[in-house]
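A structural walkthrough
One letter stands for each residue in the lines below.
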Amino acid sequence: MSRTATDELNLASQPAKQKLEKLLRLAKGKKSAVVLTHDNPDPDSLASAVALKLILEKKASVPTLVAYGGIIGRAENLAFVRELHLPVVPVSQVVFDEHDFLALVDTQQTIGNHSLPAQFAADVVIDHHPLREEGVTSPFADVGRDYGATSTLLVEYLRAARLQPDGALATALFYGIKADTRDLDRQTYDPDIDSYLWLFPNIDRELLARIEHPEVPARYFQLYHAAIERAKVYSDAVITDLGEVYSPDMVAEVAERLSFLEGPRWSFAFGSFRSQLYASLRVSDKRMRAGRLIRDVCVDLGGSSGGHGSMAGARLPLSGTRAQRVALKRELVRRFKKACGVEGERGTALLNLAPPA
Ligand SMILES: [Mn+2]
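Residues numbered from 1 in each chain as written. Predicted model: local features only at pLDDT ≥ 70, side-chain atom pairs only at ≥ 80, totals over all residues. Heavy atoms only, no water.

**Details of the overall build of the protein chain**
Secondary structure summary: the protein chain contains twelve helices and 13 strands in total. Relative to its length of 357 residues, the protein chain is compact, with a C-alpha radius of gyration of 20 Å against a globular reference of 21 Å. Taking the principal axes of the C-alpha coordinates as reference, the protein chain spans close to 60 × 50 × 35 Å. A burial count over the protein chain gives 56% of its 357 residues as buried. (Helix = DSSP H or I, 4+ residues; strand = E, 2+ residues; numbered from the N terminus. Rg over C-alpha atoms; globule rule 2.2 N^0.38 Å. Buried < 20%, exposed > 50% of the residue type's maximum accessible area, 1.4 Å probe, protein only.)

**Topic: a positive patch on the surface**
A cluster of like positive charges, contributed by Lys17, Lys28, Lys59 and Arg162, occupies part of the molecular surface. Its location among the elements puts Lys59 in helix α3 (residues 43-60). (Patch = residues over 30% accessible without salt bridge, like charges linked within 9 Å, V, L, I, M, F, W, Y side chains within 5 Å. Areas by Shrake-Rupley, 256 points an atom, 1.4 Å probe, with all protein chains shown as cover. Salt bridge = Lys/Arg side-chain N within 4 Å of Asp/Glu carboxyl O. Lys, Arg positive; Asp, Glu negative; His and termini not counted. Charge placed at Lys NZ, Arg CZ, Asp CG, Glu CD.)

**A few points about the pairing of strand β5 (residues 124-127)**
Along a regular strand, successive side chains alternate from one face of the sheet to the other. Both faces of β5 are covered, namely the face carrying Val124 and Ile126 and the face carrying Val125 and Asp127. By the bridge criterion, three bridges tie strand β4 (residues 101-105) to β5 in an arrangement that is parallel. In the strand pairing of β5, Val105 is matched with Ile126. (Pairing = 2+ DSSP bridges.)

**Regarding the sheet that holds strand β1 (residues 33-36)**
An order of β3-β2-β1-β4-β5-β6 is seen for the six strands of this open sheet, with the pairing classed as parallel. Of all strands in the sheet, those with a lone pairing partner are β3 (88-90) and β6 (140-143), marking the two edges. With strand direction ignored, the average angle separating the axes of adjacent strands in the sheet is 25 degrees. Sheet topology note: the β1/β4 ladder contains four bridges and is parallel. (Axes fitted to C-alpha atoms, helices over the stretch in contact; angles between N-to-C directions.)

**Focus on the sheet that holds strand β7 (residues 232-233)**
Strand order in the open sheet formed by seven strands is β11-β12-β10-β9-β8-β7-β13, with mixed pairing between adjacent strands. Single-partner strands in this sheet number two, and they are β11 (304-308) and β13 (348-349). Pairing analysis gives eight bridges linking strand β9 (residues 266-273) to strand β10 (residues 276-283), with the strands arranged antiparallel. If you follow Ser272 over to β10, its bridge partner there is Leu277.

**Thoughts on helix α5 (residues 150-160)**
Within α5, nine of the eleven residues are buried, which leaves the element mostly enclosed by the surrounding structure. All of the buried residues along α5 are Thr150, Ser151, Thr152, Leu153, Leu154, Val155, Tyr157, Leu158 and Ala160. Where α5 is buried, its residues meet α2 (16-27), α3, β5, β6, α6 (167-180) and α7 (190-199). At the exit of α5 stands Arg162, carrying a positive phi of roughly 55 degrees. (Contact = heavy atoms within 4.5 Å.)

**Here we look at the pattern of salt bridges**
Scanning the entire structure with this criterion turns up 22 salt bridges. A salt bridge links Glu253 to Arg74, with the shortest nitrogen-to-oxygen separation between them at 2.7 Å. Linking Glu253 in helix α10 (residues 249-258) with Arg74 in the loop between β2 (64-68) and α4 (75-84), this pair joins segments that are 179 residues apart in sequence. The pair formed by Glu253 and Arg74 is uniform in burial state, with each residue classed as buried. Between Arg265 and Asp285 there is a salt bridge, with the nearest N and O atoms lying 3.3 Å from each other.

**Section: the coordination of the manganese ion**
Donor atoms from the polypeptide that coordinate the manganese ion comprise Asp44 (OD), Asp106 (OD), His128 (NE2) and Asp180 (OD), at 2.1 to 2.5 Å from the metal. Ordering the donors of the manganese ion by residue number gives the pattern D-x61-D-x21-H-x51-D. Taken as a pair, Asp106 in the loop between β4 and β5 and His128 in the loop between β5 and β6 lie far apart in primary sequence, 22 residues in all. (Donors = N, O, S within 2.8 Å, 3.2 Å for Na, K, Ca; no water.)

**Quick look at the packing of α2 against α3**
For the pair α2 and α3, interaxial distance at closest approach is 10 Å and the crossing angle is 70 degrees. Comparing the axis directions of α2 and α3 gives the class roughly perpendicular. The handedness of the crossing between α2 and α3 is right-handed. Of α3, the residues touching α2 (which contributes Leu20, Leu23, Leu24 and Ala27) are Leu52, Ile55, Leu56, Lys59 and Ala60. (Parallel < 35°, antiparallel > 145°, perpendicular 65-115°, else oblique. Left-handed = near helix turned anticlockwise from the far one by under 90°.)

**Some remarks on the packing of aromatic side chains**
In total, this model carries eight aromatic pairs according to the counting rule given. Judged by centre distance (5.1 Å) and plane angle (55 degrees), the rings of Tyr220 and Tyr224 are tilted. Here Tyr220 and its partner Tyr224 are both found in helix α9 (residues 218-230), four residues apart, which amounts to about one turn of the helix. Assigned by exposure class, Tyr220 and Tyr224 land together as buried. The residue whose ring lies beneath Arg257 is Phe260, and the NZ or CZ to ring-centre distance is 5.2 Å. (Phe/Tyr/Trp six-rings, centres within 6.5 Å; stacked < 30°, edge-to-face > 60°. Lys NZ or Arg CZ within 6 Å of the ring centre and 35° of its normal.)

**What about the side chain of Ser272?**
Here Ser272 lies in strand β9. Side chain to side chain, Ser272 and Glu244 meet in a polar contact 3.2 Å long. Residue contacts for Ser272: discarding those within four places in its chain leaves Gly243, Glu244, Val245, Leu277 and Leu318. (Polar contact = N/O pair within 3.5 Å; in protein donor to acceptor, adjacent residues only side chain to side chain.)

Take a look at the structure:
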């Protein structure tokens, strides 16, 4: 299919009511559905998936299972699932052949950061990340456009369906929007604010506090200790190698934290988990495009990458001998330094940086 033809299939520009009707038409009469988040899911993708489950069950009478690949590792995300009792299962419990309706949320079929086996095609894709070059490949696609969170899109579907989420789901969607937009500060659009305000009266603020300020294990501080000890600062970038991490989503958390360092615009962290190398990039200048940069850096190293605006991530297969793995990391750093213009700089350990005069 040509680019234009596939783009026309994207429903993103249509009103929520129309999108909902098409979704329900497609779903009605199906035996059972699976809604899949992206791997190592964040609150936005989990909340969106549970909201889609509610819509499919209440409005199309299709029993729906929500599943995720990878692990839920960050303390906030663990607390999110535990405190809100979200009905989600690991993808290892799903037999895809037993379901006749498949949906992806907060990711796209061709992005590759999800666990939908390649021989299955998604019937539904709802995602706020930019539409991939490959275009729309599913019968129902609501992708791209100006949304800071997929949860915002799902709130619009819920409202169109006249479904009121219960306290747990309202809190989940609210936190999904809050986390993805960093408190309505980053990549935030009018619909995000609108959905946030619509949800607010129904959220459980006590639960929200327990999610946002969870207890963390000792290894959390150990990981931060290593991250700070290994961080190197260049004129316009800070880079840290986390070594082996206990959870892949900690890589993004550290990149995010280090992006607050005054001075450099770019923050780049990477670490390995189960034979994969995870890399995460943040940029404080809104005119820069982190997604493009990380794709250029990683494109021929295998694996997958994605992102938008000021945040992006990649996952690369990490195999071979220890020497080969070290060489891959070196190459990654070399390319990254080149891409953000700090090539040739030796850098200073973060711990050795002199305090400002
Ligand atoms: Mn999201």
